[in-house]
Amino acid sequence: MNGVRGGQSLSGFPEWSPAQRWVEIRMLDRLRDTFELHGFSALSTRAVEPLSQLLRKGETDKEVYVLSRLHDDAAQVDAAADDRLGLHFDLTVPFARYVGENAGRLTFPFKRYQIQPVWRGERPQDGRFREFVQADIDVVAADVLPDHYDVDLPLVIIEALRRLDVGDVVVRTSNRRLTEGYLSGLGIEDTAGALGAIDKLAKIGPAAVAQLLEAGGVAAAQSQACLAYAALRGPRAIDDAIALARRHGAATEMFSDGVARVRALLDAAAEAAPGAVEADLSIARGLDYYTGTVYETTLVGHDDLGSICSGGRYDDLATANGVTYPGVGLSIGVTRLLSRVFRSGVQASRDVATCVLVAVDSEASRPISDQVARALRARGVPADTAPSAAKYGKQIRHADRLGIPFVWFCGADQSDPSETEHVAARQPLVGEIRDIRSGDQVSADASTWTPPDIDRWPSITVQGVVTAGSRDSGKVRA
């Protein structure tokens, strides 16, 4: 899945086999379909951005791949960040840049989805890659973004992931105003630093987070109050947070505003998707551009995988000509999700889309085979002609190696070379079709014959169990 065949392995850069790529394409098709059903427009932005743009929010400089040429001169290598380029590490920053540059041509609120590869120079591990595909949805408005979008977007993501049938998912949510209000009420001045430490809780544990907080100037009693807050999760999380804030004298106005926002989101989500959204006050999101609601999504039963979809609200990431464009968005880590899906035994039934291999009786009669294949394809049946006019047994074995279920015989008998002289006199679209799995063979007309739905396109299987054979309804349960 990773590496370069016949060469040095490149950790963190995935390669999918044809069968795996089929699963990925079906997953992306499903995501696109869901996003478009909800009114999102497709967008594609360039892969590179100025380093000044990439680094202006959050501590991400060590993750950015800097773009250079082998023959860059010394002046270019030493150029200031404003003049250097880097590969984008997410799709939110380039989207904000795009909005600022094209605001006069956009209709707001602007709803867009974007599915592209991104690059991060972090240490590869299970589910984490240096090159990976993200699927983002965002809504951006001019000046004011209605709060209902904070509810709408996670519900779209839940629907999209459910249509993938990867298993149950839970969107865990909090609000930066809730957390910052609590931290400032504790007397912590560097709330951004404290948020960054809390965001690492799931990765490094409470003891290490306490060390980070105290190294940043937070008193021991304050760090313990932070950890008590970050441990709150589930139906009583907000009520317990209010009690905790009162006990520590941290119920600031900002905290109360955050409480109201989280409760409004949870109430609305509970009605639309019961059990799919829950409060988790350890969610902080490390990037500085988040200002309100934040989200992380986990695959139930795969907690070790971490978040497969995350995001939040940003009120001032994009600005142009004195106008601020607030937004909210979520991003699905498609490659991370796929890595677990493949490890769970999901695969496509064949390496090629081809459903029917049309046998070639002789090179002289290949036009007849091509005509049959064209007739099948015109009716939506994936078909190909055999690569050579070998004996039928060899052509059948070729189909079997590729997983192609059917072989079409045009009518000439290879055991009798003179038979090919009469092929042109036959009805060219009439022949015999063999299911090479069962050996059953029947007469058929290429202008009317249709394969079973399960065979028309590769089916996606889970540990040997076929879940779908449709190009449009494949399931990829993890």
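Criteria and cut-off values
- Residues numbered from 1 in each chain as written.
- Predicted model: local features only at pLDDT ≥ 70, side-chain atom pairs only at ≥ 80, totals over all residues.
- Heavy atoms only, no water.
- Helix = DSSP H or I, 4+ residues; strand = E, 2+ residues; numbered from the N terminus.
- Buried < 20%, exposed > 50% of the residue type's maximum accessible area, 1.4 Å probe, protein only.
- Contact = heavy atoms within 4.5 Å.
- Areas by Shrake-Rupley, 256 points an atom, 1.4 Å probe, with all protein chains shown as cover.
- Pairing = 2+ DSSP bridges.
- Axes fitted to C-alpha atoms, helices over the stretch in contact; angles between N-to-C directions.
- Parallel < 35°, antiparallel > 145°, perpendicular 65-115°, else oblique.
- Left-handed = near helix turned anticlockwise from the far one by under 90°.
- Nonpolar A, V, L, I, M, F, W, Y, C, P; charged D, E, K, R; others polar.
- Polar contact = N/O pair within 3.5 Å; in protein donor to acceptor, adjacent residues only side chain to side chain.
- Expected span 1.5 Å × (residues − 1).

Chemist: Sorry if this is basic, but what is going on with the overall build of the protein here?
Modeler: Helix and strand counts for the protein stand at 15 helices and 19 strands. Classification of the 478 residues of the protein by burial places 51% in the buried group. Sequence-distant contacts, at least 24 apart, represent 69% of the contacts inside the protein between residues at least 6 apart. Carbon and sulfur atoms form 49% of the exposed surface of the protein, whose accessible area is close to 21900 Å².

Chemist: When you look at the sheet that holds strand β4 (residues 85-87) in this model, what are you seeing that I'm missing?
Modeler: Think of a sheet as strands paired side by side through backbone hydrogen bonds, with each pair either parallel or antiparallel. Taken in spatial order, the 3 strands line up as β2-β4-β3 in an open sheet, and their pairing is antiparallel. Among the strands making up the open sheet, the edge pair consists of β2 (48-50) and β3 (66-67). Here 2 bridges tie β3 to β4, and the two strands are oriented antiparallel to one another. Residue valine 66 lies in a different strand from β4, and its bridge partner there is glycine 86.

Chemist: Which parts of the structure should I look at to understand the pairing of strand β17 (residues 441-445)?
Modeler: Residues in a regular strand project their side chains so that they alternate between the two faces of the sheet. Bridge count between strand β16 (residues 430-435) and β17: 5 bridges; the pairing is antiparallel. Bridged to glycine 431 within β17 is alanine 444. With antiparallel pairing between neighbouring strands as the criterion, β16 and β17 make up a hairpin whose turn holds 5 residues, including glycine 439 at a positive phi of roughly 90°.

Chemist: Looking at this structure, I do not really get the environment of alanine 160. What am I missing?
Modeler: Tracing the chain through its elements places alanine 160 in helix α5 (residues 148-164). Separated by 133 residues in sequence, alanine 160 and methionine 27 have C-alpha atoms that sit 9.7 Å apart.

Chemist: Mind showing me how you'd approach the side chain of arginine 366 here?
Modeler: Mapped onto the elements, arginine 366 comes out in helix α13 (residues 366-378). Apart from residues no more than four positions distant in its own chain, arginine 366 is found in contact with Val360, Thr385, Ala386, Pro387, Ser388 and Ala389.

Chemist: Honestly, the packing of helix α6 (residues 176-185) against helix α9 (residues 220-230) in this entry has me stumped. Any pointers?
Modeler: Packed helix pairs are specified by the crossing angle of their axes together with the interaxial distance, meaning the distance between the axes. Viewed as axis vectors pointing N to C, α6 and α9 meet at an angle of 155°, and their least axial separation amounts to 11 Å. Comparing the axis directions of α6 and α9 gives the class roughly antiparallel. With respect to the hand of their crossing, α6 and α9 are arranged in right-handed fashion. Contacts between α6 and α9 involve Leu178, Thr179, Tyr182 and Leu183 from the first element and Ala225, Cys226 and Tyr229 from the second. Within the contact of α6 with α9, the residues separate by chemical class into 6 nonpolar, 1 polar and no charged.

Chemist: Would you mind showing me how to read the sheet that holds β16 here?
Modeler: Strand order in this open sheet of 5 strands is β14-β13-β15-β16-β17, and the pairing throughout is mixed. A single partner strand is all that each edge strand has here, and the edge strands are β14 (383-385) and β17. The sheet shows a mean angle of 30° between the axes of neighbouring strands, direction not considered. In this sheet, β16 lies alongside strand β15 (residues 406-409) in antiparallel orientation, the contact comprising 4 bridges. Bridging from a neighbouring strand, tryptophan 408 pairs with isoleucine 433 of β16. Each of β13 (356-358), β14 and β15 is contacted by α13, which is oriented at about 170° to β14, the strand it contacts most.

Chemist: Would you explain the packing of α5 against helix α11 (residues 253-272) in this entry?
Modeler: Running from N to C, α5 and α11 point in directions that differ by 40°, and their axes come no closer than 9 Å. Considered as vectors, α5 and α11 are oriented oblique to each other. Classified by chirality, the crossing of α11 by α5 is right-handed. Facing α5, whose interface residues are Asp150, Val151 and Leu155, α11 presents Leu265, Ala268, Ala269 and Ala272. For the contact of α5 with α11, the per-class residue count stands at 6 nonpolar, no polar and 1 charged.

Chemist: How should the side chain of histidine 302 be read in this particular structure?
Modeler: The topology assignment puts histidine 302 in the loop between β9 (293-299) and β10 (309-320). Residue class for histidine 302 comes out buried when judged on its relative accessible area of 16%. Within polar-contact distance, the side chain of histidine 302 engages the side chain of arginine 340 at 3.1 Å.

Chemist: Is there a simple way to think about α5 in this case?
Modeler: Think of an α-helix as turning once every 3.6 residues; residues three or four places apart then point the same way. With 17 residues, α5 extends 25 Å from end C-alpha to end C-alpha; this agrees with the ideal 24 Å at 1.5 Å per step. Where α5 is concerned, the buried positions are Tyr149, Asp150, Val151, Leu153, Pro154, Val156, Ile157, Ile158, Ala160, Leu161 and Leu164. Within two residues after α5, aspartate 165 carries a phi angle of roughly 55°, on the positive side.

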